[in-house]
Amino acid sequence: MKALVIGGSLGGLFAANLLLDLGWDVEVFEKVGDDLAARGAGIGTHRELVAVLADLGISLSEDLGAAVGDRICVDREGRLVHRAPWAHVMSAWANVYRPLKDRFPAGRYHFAKGLVSFAETPDYVVANFEDGMTATGDLLIGADGLRSTVRMQLFPEAQPRYGGYVAWRGLVEESLLSPAAREKLSDNYWFVLPKGEMALCYLVPRLRMPGQRRVFRSWNWVWYDPTTEAELADLCTDATGRNHGIGIPPPLIRPDVIERVKENARTALAPHIAEVITAGQPFFQSIFDVESPRMAVGRVCLLGDAAFVARPHVGMGVTKGALDAVCLRNSFQQHPADLSSALDRYSSLRTEFGKRVVARARRLGAFVEAVSYPERPWTEEQLDQSPERLLREVAASLSDIPELALEI
Ligand SMILES: Cc1cc2nc3c(=O)[nH]c(=O)nc-3n(C[C@H](O)[C@H](O)[C@H](O)COP(=O)(O)OP(=O)(O)OC[C@H]3O[C@@H](n4cnc5c(N)ncnc54)[C@H](O)[C@@H]3O)c2cc1C
């Protein structure tokens, strides 16, 4: 069996490695022209993610660094509001990407191959690329992310839906912070909850970049900020007046916009959190929900963010992609000679998971969304911004979420 994997990020690499181990002929096609490792930041890990990596013979233990300490919510002055034990392990995106990429045969991973369309016959599927090249296989896996070309062709109606806010983000090397801030931050996971907003920051113990020997301790921060569609249009307009749609490359964010974010951080957030935010160059990503009606049609399936995008509050994008890939592998193990039955199994299990995780993430961000859309009928439960709830539920362990305990 031959699989064409569209998208060579984490979801695509999990599927590619697992199917390769099952004896499949696998090729990966990635639109971007070079290694992705330098572009990721911090990720939350789950036991299930570590287990999938272990299944592939990859041990994360050396690169995970120390567990993050308690979760602490403070007010604007830095006074304690709520504290809860946490002891989770945070990692870096590159720590997962690098070994997955290195494990997969380089000659089967093709950079600068953007899919434009695919065509199916009863016996095979053909992928058409931007440069005119084509590839033929038994199965096409769309692991091409939020703006998936594969999903657009399968389900043009399944468009990303804007959540009414953006996540301002940044990654700041610890050595850039003052000794006082470093001491206060220690190794904890910090929250500040101005009304209708959520800011958090946590340590990314180590970053492993290609060719890099140095070990960094960096602070990863995220600030969910209500942003109407009109305000988003302004954020996405560069200094020359050009509008870039619903996102803008970080270097093109206008200096006045960056300055405003830093100024807001100084006035709205605790001083040591504001120092993290103002020490580097903030950028933002707009928050979207994506839901596909199903995960497979004919000889084509979706995987990871191409199928379902849950807001980052669940901290589960990478783990979800990994578990999709495991479920796909398991489905072909159970139905080795029957592509249609394997994909039916995969689609029914993972569509249910996708719907549930998107709903959970939407619930966790509803109080931020409500600021941009006050006219919608919000329930009290959706508007609950209590630190007790958020410190417990944001990025909770998969094993602590009964509604997500589904067969793979
Ligand atoms: C560079 C990068 C950095 C990231 N950093 C973080 C992070 O720090 N923390 C975090 O929690 N999550 C991060 N994510 C998101 C996280 O990896 C995903 O949510 C999760 O792993 C699911 O991944 P995915 O492979 O399904 O989708 P994605 O990671 O979005 O990957 C989709 C891939 O498909 C490629 N692609 C898109 N269109 C086409 C096409 N037409 N043809 C071929 N290829 C195409 C894209 O270039 C991309 O590499 C990052 C994603 C990327 C791409």
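Values in this document were obtained by computation on a predicted structure and should not be read as measured data. (Residues numbered from 1 in each chain as written. Predicted model: local features only at pLDDT ≥ 70, side-chain atom pairs only at ≥ 80, totals over all residues. Heavy atoms only, no water.)

Visitor: What should I look at first to understand the overall build of the protein chain in this one?
Guide: The secondary structure content of the protein chain amounts to 12 helices and 19 strands. The C-alpha atoms of the protein chain give 21 Å as radius of gyration, which agrees with the globular expectation for 408 residues (22 Å, within 12%). Overall size of the protein chain, expressed as C-alpha extent along the three principal axes, is 65 × 45 × 45 Å. Considering the protein chain as a whole, with its 408 residues, one finds that 56% of them fall into the buried category. In the protein chain, the share of contacts with a sequence separation of at least 24, taken over all contacts with a separation of at least 6, comes to 71%. When the accessible surface of the protein chain is summed, it comes to about 16,800 Å², and 52% of that surface belongs to carbon and sulfur atoms. In the protein chain, 45 positive and 52 negative side-chain charges are present, and the distance between their average locations comes to 2 Å. (Helix = DSSP H or I, 4+ residues; strand = E, 2+ residues; numbered from the N terminus. Rg over C-alpha atoms; globule rule 2.2 N^0.38 Å. Buried < 20%, exposed > 50% of the residue type's maximum accessible area, 1.4 Å probe, protein only. Contact = heavy atoms within 4.5 Å. Areas by Shrake-Rupley, 256 points an atom, 1.4 Å probe, with all protein chains shown as cover. Lys, Arg positive; Asp, Glu negative; His and termini not counted. Charge placed at Lys NZ, Arg CZ, Asp CG, Glu CD.)

Visitor: Looking at this model, I keep getting lost on unusual backbone geometry. Mind explaining?
Guide: A negative phi holds for most residues other than glycine; trans holds for most peptide bonds. Of note in this structure, Ala112 is not a glycine but carries a positive phi near 55°. Considering the arrangement of structural elements, one finds Ala112 in the loop between strand E7 (109–110) and strand E8 (115–120). One non-glycine residue, Ala395, lies in the positive phi region at around 50°. Turning to its location among the elements, Ala395 is positioned in the segment after helix H12 (387–393). On the basis of relative accessible area, Ala395 is assigned to the buried category, the value being 16%.

Visitor: For this particular structure, what's the right way to read the pattern of salt bridges?
Guide: Pairing between side chains of opposite charge can happen when the charged atoms of each approach one another. Overall, the coordinates contain 30 salt bridges when judged by the stated rule. A salt bridge links Asp234 to Arg254, with the nearest nitrogen and oxygen atoms 3.3 Å apart. On the criterion of sequence distance, the pair formed by Asp234 in helix H7 (residues 229–235) and Arg254 in the loop between H7 and helix H8 (255–268) is long-range, its members being 20 residues apart. Given the relative accessible area of 12%, Arg254 is considered buried. Among the salt bridges present, the one from Asp256 reaches Arg254, with a minimum N-O distance of 2.9 Å. Where salt bridges share partners, they join Arg161, Asp289, Glu291, Arg311, Arg362, Glu369 and Arg376 into one cluster. (Salt bridge = Lys/Arg side-chain N within 4 Å of Asp/Glu carboxyl O.)

Visitor: Looking at this structure, I do not really get the site of the ligand. What am I missing?
Guide: Surrounding the ligand, one finds 30 residues, the nearest of these being Ser9, Glu30, Ala41, Trp93 and Asp305. Separating a nitrogen atom of the ligand from a backbone N or O atom of Leu115 is a distance of 2.9 Å. Asp305 is positioned with one of its side-chain polar atoms (N or O) 2.8 Å from an oxygen atom of the ligand. Protein chains bury 82% of the 910 Å² of accessible surface belonging to the ligand in isolation. Elements with a contribution of two residues or more to the shell around the ligand: helix H1 (10–21), strand E3 (42–44) and helix H10 (317–334). A total of 3 residues in the shell around the ligand trace back to one element, the largest contributor, which is H1. (Near = heavy atom within 4 Å. Polar contact = N/O pair within 3.5 Å; in protein donor to acceptor, adjacent residues only side chain to side chain.)

Visitor: Where do I start with the sheet that holds E7 in this structure?
Guide: Sheets are built from strands that pair by backbone hydrogen bonding, the pairs being arranged parallel or antiparallel. Taken together, the 6 strands give an open sheet; going across it, the order is E7-E2-E1-E11-E18-E17, and neighbouring strands pair in mixed fashion. Here the strands that pair on one side only, and so sit at the sheet edges, are E7 and strand E17 (296–297). Two elements, strand E1 (residues 2–6) and strand E2 (residues 25–29), share 5 bridges in a ladder whose sense is parallel. Each residue of the ladder has a partner; that of Leu4, found in E2, is Glu27. (Pairing = 2+ DSSP bridges.)

Visitor: What am I meant to see in the packing of H1 against H10 here?
Guide: To characterise two packed helices, one gives the angle between the axes of the helices and the distance between these axes. At a minimum axis separation of 8 Å, H1 and H10 run at an interaxial angle of 25°. In terms of their interaxial angle, H1 and H10 are classed as roughly parallel. Here H1 runs over H10; the crossing is right-handed. The segment H1 lies against H10, with Leu10, Phe14, Ala15, Leu18 and Leu19 engaging Val318, Ala322, Ala325, Val326, Leu328, Arg329 and Phe332. Residues that form the contact of H1 with H10 fall into these classes: 11 nonpolar, no polar and 1 charged. (Axes fitted to C-alpha atoms, helices over the stretch in contact; angles between N-to-C directions. Parallel < 35°, antiparallel > 145°, perpendicular 65-115°, else oblique. Left-handed = near helix turned anticlockwise from the far one by under 90°. Nonpolar A, V, L, I, M, F, W, Y, C, P; charged D, E, K, R; others polar.)

Visitor: Even after reading the chapter, I still don't get the environment of Gly321, so can you show me in this structure?
Guide: Looking at the secondary structure, you find Gly321 in helix H10. Looking at Gly321, the relative accessible area reads 2%, which means it is buried. C-alpha separation for the pair Gly321 and Gly33, spaced 288 residues apart in sequence, amounts to 22 Å.

Visitor: Sorry if this is basic, but what is going on with the packing of aromatic side chains here?
Guide: Pairs of aromatic rings are described using the distance from one ring centre to the other and the angle between the two planes. With the rule as written, the count across this model stands at 10 aromatic pairs. Look at Trp86 and Tyr189: their rings are 6.2 Å apart centre to centre, the planes differ by 70°, and that puts the pair in the edge-to-face class. Of this pair, Trp86 sits in the loop between strand E5 (80–84) and strand E6 (90–92) while Tyr189 is found in strand E13 (residues 189–192), placing the two residues 103 residues apart along the sequence. Judged by its relative accessible area of 14%, Trp86 is buried. Taken together, a centroid distance of 5.2 Å and an interplanar angle of 15° make the contact between Trp93 and Tyr97 stacked. Within this pair, Trp93 and its partner Tyr97 are both found in helix H4 (residues 93–103), separated by 4 residues, close to a single helical turn. Since its relative accessible area comes to 15%, Trp93 is described here as buried. With a relative accessible area of 0%, Tyr97 lands in the buried category. (Phe/Tyr/Trp six-rings, centres within 6.5 Å; stacked < 30°, edge-to-face > 60°.)

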